[in-house]
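What follows is each chain in one-letter form.
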Amino acid sequence: MTKEQAMKVLEEHNQTHVMRGFDDLTSSQQETLLNQIADLQWDDIALAGNQTEIPLGEITPIEGMDVEEIDAKRDEFAKIGYDAIKEGKVAALLLAGGMGTRLGFDKPKGELNVGIDNTLYIFQCLINNLMDVTNVAGKTVPLYIMTSEKNNDETIRFFEEQNYFGYPKEDVAFFVQEMAAAVDYDGKLLMEEPGRLATSPNGNGGWFSSLQKAGLLEDVHKRGVEWINIFAVDNVLQRICDPAFIGATIASGKVSGSKVVRKVDPYEKMGVMCLEDGKPSVVEYYELSEDMAEATNADGKLTYAYGVILNYIFRVDKLEEIVEKHLPVHVVEKKIPYITAEGENVKPTEPNGYKFETLVVDMIRLMDDNLPFEVVREKEFAPIKNLHGVDSLDSARELLKANGVEL
Ligand code: UTP
């Protein structure tokens with residue numbers, strides 16, 4: 001894109017301020033900025049401040065597998081899962097591209113030390129959890145790690161420094177997710193530094209297309225992987241490539257599965273699995289009507305009980321089928337560091353604008369079916385979103401200790 005083309009498109013969208021000082025930039029800075037402008041998603045930017053809620057379809061309960069049912073068949077499921085792992089059909093994929101702004105930690109979230117007397121980084125915890133399975137299987141699984149432009153180099157440096165926490169390096173591949181520009185509350189593009197738009201990772205929904213763009217889908221095929229288990233960076237208790245979960249999903253004949261925990265109260269703030277117009281879907285807690293939130297089955301249990309914990313398994317051929325499908329863009333209020341017109345750096349302490357994200361939960365809607373697989377919350381759910389309080393480093397430490405992890 002030339003300077004003239006950039007000016008034209010910026011004029012059309014009332015954003016010419018981003019070209020201020022353009023002539024004073026080095027030629028490589030100019031090129032970077034022109035590339036950023038060429039990549040701008042104007043339809044998304046237009047949503048800032050005007051996003052209309054997408055109406056929900058008809059919501060009905062989804063059939064899942066509860067802990068009792070799983071326990072009764074756990075060995076049978078685990079055998080199917082271990083066989084799939086041994087045959088090289090399963091890969092793990094860590095979503096580690098987020099900014100972790102709530103935690104306020106200036107490094108990639110996975111570098112947070114959850115240990116007290118010992119050192120136990122989040123990344124290390126996750127690798128340990130994965131190796132609990134691969135050691136029994138006698139076979140490692142490919143581990144794909146999604147980072148962002150902001151944390152990729154540091155994440156790789158850290159894994160190198162820590163010798164991949166004992167996991168075979170040849171089975172680990174990093175890839176970078178795409179970025180999206182951020183705007184202020186007036187919809188104006190923010191600048192991160194002179195000649196550079198403020199950008200942030202574009203949400204966890206684009207993981208499969210980013211994997212594909214990075215050329216790693218070829219690796220998936222070359223290795224004969226049929227199932228990918230994706231998981232969030234911040235749940236230090238989660239079981240990864242859990243053989244019973246994999247086995248139950250395969251045995252069900254479904255194309256995807258979700259680890260879920262039973263909500264502790266009808267209004268707990270978590271996304272809930274359901275069917276929407278007959279397809280699997282996740283509705284946010286605030287989208288459920290009071291009647292639905294409080295509805296119970298004949299056994300007294302909540303009808304919409306299964307909260308998702310960002311640990312899903314997908315069949316690769318189904319992912320390839322849906323990869324071109326458009327995911328809705330969510331406009332999220334965030335704290336976005338920027339420079340003012342006068343060149344002053346601002347690090348906001350309160351949200352000051354919008355980011356644009358696609359979400360993995362929206363991929364669930366594109367699946368033909370999905371198996372909600374219930375796990376015991378106290379054993380598998382310890383997310384670290386904040387330093388203190390709910391879903392925090394403090395609460396995760398307590399849960400790790402309760403599960404016998406030495407801190
Ligand atoms: P969160 O929704 O908690 O977002 O991510 P976050 O960016 O890490 O944290 P906050 O909201 O700024 O405090 C859930 C999971 O999705 C990953 C995160 O790394 C985490 O594993 N994620 C999130 C990405 O990989 N990319 C993104 O763009 C966003």
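Here the residue numbering is sequential within each chain, running from 1 through the sequence in written order. Restriction of local features to residues with pLDDT of at least 70 applies here, the model being predicted, together with a cutoff of 80 or more for giving and counting side-chain atom pairs; totals for whole chains, interfaces and linings are based on all residues. To get the side-chain values, take all heavy atoms of the structure and skip hydrogens and water.

**A few points about the sheet that holds strand E18 (residues 353-357)**
To keep things clear, this is the line we draw: Should DSSP find at least two bridges between two strands, the strands are regarded as paired. The helix count covers DSSP runs of H or I at least four residues long, the strand count covers runs of E at least two residues long, and both are numbered beginning at the N terminus.
Strand order across the open sheet formed by three strands is E6-E18-E15, with antiparallel pairing between neighbours. Single-partner strands in this sheet number two, and they are strand E6 (183-184) and strand E15 (330-334). The sheet contact formed by E6 and E18 spans two bridges and is antiparallel. Bridging across to E18, Val183 finds its partner in Tyr354.

**Brief notes about the layout of surface pockets**
To keep things clear, this is the line we draw: For each structure, a 1 Å grid was placed over the protein atoms alone; sets of points admitting a 1.4 Å probe that cannot get out are labelled cavities, open sets with protein on both sides within 12 Å along at least five of seven lines are labelled pockets, and lining residues have an atom within 4 Å of a point. Grid points are joined across faces, edges and corners, and a volume is the space filled by probe spheres set on the points. Nonpolar residues are Ala, Val, Leu, Ile, Met, Phe, Trp, Tyr, Cys and Pro. Charged residues are Asp, Glu, Lys and Arg, and all others, Gly as well, are polar.
As a volume, the second largest pocket reaches approximately 1,000 Å³. The wall of the second largest pocket is formed by 37 residues, among which Gln41, Glu178, Met179, Asn202 and Lys213 lie closest to the centre. Of all the elements, helix H7 (residues 207-213) adds the most residues to the lining of the second largest pocket, at five residues. Within the lining of the second largest pocket, the residues separate by chemical class into 16 nonpolar, twelve polar and nine charged.

**Notes on the packing of helix H4 (residues 67-86) against helix H9 (residues 243-252)**
Quick note on the threshold: Between N-to-C directions, angles span 0 to 180 degrees; the directions come from axes that are lines fitted to C-alpha atoms, helices contributing only their stretch in contact. Oblique is the label for any angle not under 35 degrees, not over 145, and not in the 65 to 115 range, which are roughly parallel, roughly antiparallel and roughly perpendicular in turn. By definition, residues are in contact when any of their heavy atoms lie within 4.5 Å.
Look at H4 against H9: their axes get within 6 Å of each other, and the N-to-C directions meet at 90°. The angle between the axes of H4 and H9 places the two elements in the roughly perpendicular class. Mapping the contact onto sequence places Arg74, Phe77, Ala78, Ile80, Gly81, Tyr82, Ala84 and Ile85 in H4 and Pro243, Ala244, Ile246, Gly247, Ala248, Ile250 and Ala251 in H9. Classifying every residue of the contact of H4 with H9 gives twelve nonpolar, two polar and one charged.

**Some words on the pattern of salt bridges**
Two side chains bearing opposite charge may form a pair once their charged atoms approach each other closely. Cut-off, in case you're wondering: One side-chain nitrogen of Lys or Arg within 4 Å of one carboxyl oxygen of Asp or Glu is enough to make a salt bridge. Here's how the labels work: a residue is buried when its accessible area is under 20% of the maximum for its type, exposed when over 50%, partly exposed in between, all with a 1.4 Å probe on protein chains only.
Counted according to the given criterion, the structure contains 30 salt bridges. In this structure, the salt-bridge partner of Arg239 is Asp132, at a minimum N-O distance of 2.7 Å. Taken as a pair, Arg239 in the loop between strand E10 (227-232) and H9 and Asp132 in helix H5 (residues 122-137) lie far apart in primary sequence, 107 residues in all. Its relative accessible area of 24% is what places Arg239 among the partly exposed residues. The residue Glu380 makes a salt bridge to Lys259 at a minimum N-O spacing of 2.8 Å.

**Remarks on helix H1 (residues 3-12)**
Just so we agree on the cut-off: As used here, the arc belongs to the directions running from the helix axis to the C-beta atoms.
Buried within H1 are the following residues: Ala6, Val9 and Leu10. Projected down its long axis, H1 carries its buried residues within an arc of 100°, all on one side. In H1, the exposed positions that point more than 90 degrees away from the buried face belong to Glu4, Lys8, Glu11 and Glu12. Turning to H1, the residues buried within the fold contact helix H2 (27-39) and helix H3 (42-45). Where H1 terminates, the next one or two residues include Asn14, which has phi positive at roughly 60°.

**Quick notes on the site of the ligand**
Selection rule: Here a residue is near a molecule or strand as soon as one of its heavy atoms is found within 4 Å of it. Pairs of N or O atoms within 3.5 Å make up the polar contacts considered here, provided that, within protein, one atom can donate a hydrogen while the other can accept it, and that residues adjacent in sequence are counted only when both atoms are side-chain atoms. All accessible areas in this document rest on Shrake-Rupley with a 1.4 Å probe, and a residue is counted as covered only by the protein chains that are shown.
As a structural note, the neighbourhood of the ligand is formed by 20 residues, with Leu95, Thr101, Gln177, Val233 and Lys385 the closest of them. Arg102 places a polar main-chain atom, nitrogen or oxygen, 2.8 Å from an oxygen atom of the ligand. Contact distances for the ligand include 2.6 Å between a nitrogen atom and a side-chain N or O atom of Gln177. For the ligand, the protein covers 90% of the area, taking 570 Å² as the surface of the free molecule. Partitioned by chemical class, the residues of the shell around the ligand number eight nonpolar, eight polar and four charged.

**Looking at unusual backbone geometry**
Negative phi is the rule for most residues except glycine; trans is the rule for most peptide bonds. Even without a glycine there, the phi angle at Asn14 is positive, about 60°. Looking at the secondary structure, you find Asn14 in the loop between H1 and H2. You can call Asn14 exposed: its relative accessible area is 55%.

**Here we look at the pairing of strand E11 (residues 256-262)**
By the criterion of burial, E11 is predominantly enclosed, with six of the seven residues buried. Here E11 pairs with strand E14 (residues 306-315) via six bridges, running antiparallel. Counted as the bridge partner of Val261 is Gly307 from E14. The sheet contact formed by E11 and strand E19 (residues 371-374) spans four bridges and is parallel. Pairing of Val260 across the sheet is with Glu374, part of E19.

**A few points about empty space enclosed by the protein**
Summed over the entire model, instances satisfying the criterion amount to one cavity of 30 Å³ or more. Size it by volume and the largest cavity reaches roughly 40 Å³. Contributing to the lining of the largest cavity are Leu94, Phe123, Leu126, Ile127, Leu130, Leu143, Ile145, Phe159, Phe231 and Ile240. The set of elements that each furnish at least two residues to the lining of the largest cavity consists of H5 and strand E3 (143-147). Ranked by residue count, the leading element in the lining of the largest cavity is H5, at four residues. When the residues that make up the lining of the largest cavity are grouped by side-chain class, the tally is ten nonpolar, no polar and no charged.

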